[in-house]
Amino acid sequence: MSTNYKELKKGGFMRQRQPNYFSMRLKSVGGHLTAEQLGTIQSVATKFGKGYVHLTSRQGIEIPFIHLDDIDAVKKVLSEGGVQVGVCGPRVRTITACQGNSICPSGLIDTLKLAEEFDKRYGGRELPHKFKFGFTGCRNNCLKAEENDIGVKGGVKPDWHAENCTFCGVCQAVCPQKIITVDKIARSVTFDENNCLYCGKCIKSCPSDAWQGRSGFVISFGGLYGNRIAVGENFLPIIFDEDKLYKIVDAALKFFADNAKSGERFRTMLERVGRENFIDMITEAAR
Amino acid sequence: MNADEFLDITDVVCPMTFVKTKVVLEDLDDGQILELRLNDGEPIQNLPRSLKDDGHKILELANNDDGTFTILVEKGGLT
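Keep in mind that what you see is a predicted model, and the values were worked out from it rather than measured.

So what exactly am I meant to see when it comes to the overall build of chain A here?
For chain A, the count of helices and strands is nine helices and 12 strands. Once the C-alpha set of chain A is aligned to its principal axes, its extents read approximately 85 × 45 × 30 Å. Expressed as a percentage of its 287 residues, the buried residues of chain A come to 39%.

Here it is, written out as structure tokens:
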């Protein structure tokens, strides 16, 4: 019987140098695994592997040295222990996320919840080439949004409330764009909204709650960080509505499926067909 | 405005910036003013807000143009 490597790869089995051995990729969403899942993984690595796991660059786990003959048994043990196998090949890959605003004091969006929803909607979807989503809670960018085909970053649009302001000038001191000017004598504040990075430092540092704001999503498209390195680009202003986010992603994936050649990454496709049509399409979806 | 106490925390990093400030504020009475010299970066981003959360009021901020700021804090000014 010849081995169908393509089919095995689809199911998360990465062929090793050593004949008939596979590094088994497991499914994780947002780098989140339960203690129970870890127990299952530990037992599989001990019984079928070589007693260790490899942590991947995309917050996943692989168990190396699974023998071809054990594949069905391993799949059964994993599945009974609440662990699914991961995906490889030309489809939506592991979705990564930082801990987001449910844990991190800097977080502006619930990255893990979003990653789970994205996994439900798009996880494993077949596309012309691999496709990566990543979520990061704020501009600190721990999860490196712009290296993904689509990256989503938490941002916040500041809003100044004159009645609370003491004109102390802390916001002017912390703004990385230097677009806030506080005039203590005239008791006025100017803010150049067009150049705002949505980092939220003014809001976080304000000692009188004069700066408040609404959290939203800053989306980047076409990041690559493998053979070729390219930084994902922002084509849209900050989006506040989660439903809109899905409309934009639906449109982007459709554009990719309709326009990319087989084996062509999102970025390469964008550069070949031109960004203009794509920008029109997602701008329409964001309306 | 005259300060009742002066503290320079440009030689320490978080969380000692906050700890040292708290210790000095302990010894002041409500309404007294602490003049605080702190670094640009994390201290200026976090300290005024943390002081506010503890009920102290930031009255003024001056940029010393040497990578440091001086702020005037009124103890218990928000309580």
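Here the narrative resumes.
Can you walk me through the overall build of chain B in this structure?
Assigned secondary structure in chain B consists of two helices and four strands. Starting at the N terminus and walking to the C terminus, you meet the elements of chain B as β-α-β-α-β-β. For chain B, the C-alpha radius of gyration of 11 Å lies close to 12 Å, the compact-globule estimate for 79 residues. In terms of overall dimensions, chain B has a C-alpha envelope of 30 × 25 × 20 Å along the principal axes. Classification of the 79 residues of chain B by burial places 29% in the buried group.

What am I meant to see in the nonpolar core here?
Ranked by size, the top nonpolar core spans 65 residues in total, and within it Ala115(A), Val170(A), Cys171(A), Cys202(A) and Ala252(A) carry the most contacts. No other element matches helix 7 (residues 242–259) of chain A, which puts six residues into this core. In this structure Val170(A) touches Ser205(A), Cys206(A), Pro207(A), Ile44(B), Pro48(B), Ile58(B) and Leu61(B), once residues within four positions along its chain are discounted. Membership of the second largest hydrophobic core comes to 15 residues, among which are Phe22(A), Ile41(A), Ile63(A) and Val74(A).

Quick question: what am I supposed to make of the pairing of strand 4 (residues 68–74) of chain B here?
Side chains on a regular strand alternate between the two faces of the sheet. Residues and elements named next belong to chain B. Pairing of strand 2 (residues 33–39) with strand 4 involves seven bridges; the strand directions are antiparallel. Residue pairing across strands places Leu38 opposite Phe69, the latter belonging to strand 4. Bridging between strand 3 (residues 57–63) and strand 4 involves six bridges; their strand directions are antiparallel. Considered in strand 4, the bridge of Leu61 is made with Ile71. Linking strand 3 back to strand 4 in an antiparallel pair, the connection comprises four residues, with Asp65 at a positive phi of about 60°.

For this particular structure, what's the right way to read the domain arrangement of chain A?
How big an interface is tends to be reported as the loss of accessible area on association of its parts. Residue and element names in this part refer to chain A. Domain assignment breaks chain A into domain 1 (5–80) and domain 2 (90–287). Between the C-alpha centres of domain 1 and domain 2 the distance comes to 33 Å. The partner domain 2 presents 11 residues to the eight residues of domain 1 that form the contact. Split into classes, the residues belonging to the side of domain 1 that touches domain 2 amount to one nonpolar, six polar and one charged.

Please explain the interface of chain A and chain B as it appears in this structure.
Counting from both sides, the interface comprises 12 residues of chain A and, opposite them, 12 residues of chain B. Among the secondary structure elements, those contributing two or more residues to the side of chain A that touches chain B are helix 5 (170–174) and helix 6 (201–205) of chain A. Among the residues making up the side of chain A that touches chain B, the classes are represented as six nonpolar, four polar and two charged.

Can you help me understand the pairing of strand 6 (residues 133–136) of chain A in this one?
Residue and element names in this part refer to chain A. Alternating positions in strand 6 separate into two faces, Phe133 and Phe135 on one and Gly134 and Thr136 on the other, with burial throughout. Relative to strand 6, strand 5 (residues 96–97) runs parallel, the two sharing two bridges. Bridge pairing in strand 6 links Ala97 to Phe135. With helix 4 (residues 111–122) bridging strand 5 and the parallel strand 6, this β-α-β connection has left-handed handedness.

Looking at this model, I keep getting lost on the sheet that holds strand 4 (residues 61–67) of chain A. Mind explaining?
Remark on secondary structure: sheet strands pair via backbone hydrogen bonds, oriented parallel or antiparallel. All names here are of chain A. Pairing within the open sheet is antiparallel, and its four strands lie in the order 1-2-4-3. The sheet terminates laterally at strand 1 (13–15) and strand 3 (54–55), the two strands that pair on one side only. Sheet analysis places strand 1 next to strand 2 (residues 21–25), joined by three bridges and oriented antiparallel. Counted as the bridge partner of Arg15 is Phe22 from strand 2.

I tried to follow unusual backbone geometry on my own but got confused; where do I start?
Following Cys14(B), the chain continues to Pro15(B) via a peptide bond in cis, the omega torsion being 10°. Structurally, Pro15(B) is set in the loop between strand 1 (5–8) and helix 1 (16–26). The phi dihedral of Gln59(A) is positive, around 60°, even though this residue is not glycine. By the secondary structure assignment, Gln59(A) is in the loop between strand 3 and strand 4. With 20 C-beta atoms counted inside 10 Å, the residue Gln59(A) sits in the buried group. The phi dihedral of Tyr198(A) is positive, around 65°, even though this residue is not glycine. Mapped onto the elements, Tyr198(A) comes out in the loop between strand 9 (188–191) and helix 6.

Sorry, what's going on with the packing of helix 1 of chain B against helix 2 (residues 42–53) of chain B here?
Packed helices, taken two at a time, are described by the angle between their axes plus the distance between the axes. Residues and elements named next belong to chain B. At their nearest, the axes of helix 1 and helix 2 sit 10 Å apart, and the two run at 35° to each other. The two elements helix 1 and helix 2 cross, and the hand of that crossing is right-handed. For the pair helix 1 and helix 2, the contacting residues are Thr17, Phe18 and Thr21 in the first and Pro43, Leu47 and Ser50 in the second.

Definitions and cut-offs
Starting from 1, residues in each chain are numbered consecutively following that chain's sequence as written. For naming, the first written chain is A and the first written ligand is 1, with later ones following in the order written. Thresholds applied to this predicted model are a pLDDT of at least 70 for local features of residues and 80 or more for the giving and counting of side-chain atom pairs; totals over whole chains, interfaces and linings are not thresholded and use all residues. Working definition: helices are DSSP H or I runs of at least four residues, strands are E runs of at least two. Numbering for both runs from the N terminus. Comment: burial labels come from other C-beta atoms within 10 Å of the residue's own C-beta, placed from the backbone, where a count of 20 or more is buried, 12 or fewer is exposed, and between is partly exposed. Computation of the radius of gyration draws on C-alpha atoms alone. For the globule rule, the value is 2.2 Å times the number of residues to the power 0.38. We call a set of buried Ala, Val, Leu, Ile, Met, Phe, Trp, Tyr and Cys residues a nonpolar core when their C-beta atoms link them within 7 Å. Two residues qualify as being in contact provided that their C-beta atoms, derived from the backbone, are within 7 Å of each other. Note on pairing: two strands pair once DSSP finds at least 2 bridges between them. In this entry, domain limits derive from an automatic or database-based domain assignment. Residues were grouped as follows: Ala, Val, Leu, Ile, Met, Phe, Trp, Tyr, Cys and Pro as nonpolar; Asp, Glu, Lys and Arg as charged; and all remaining residues, including Gly, as polar. Viewed with both strands pointing away, a crossover whose connecting path from the first strand over the helix to the second turns clockwise is right-handed. Working convention: axes come from line fits to C-alpha atoms, limited for helices to the stretch in contact. Angles between N-to-C directions cover 0 to 180 degrees. By definition, any crossing whose near helix is turned counterclockwise from its far helix by less than a right angle is left-handed, and any crossing with a clockwise turn is right-handed.

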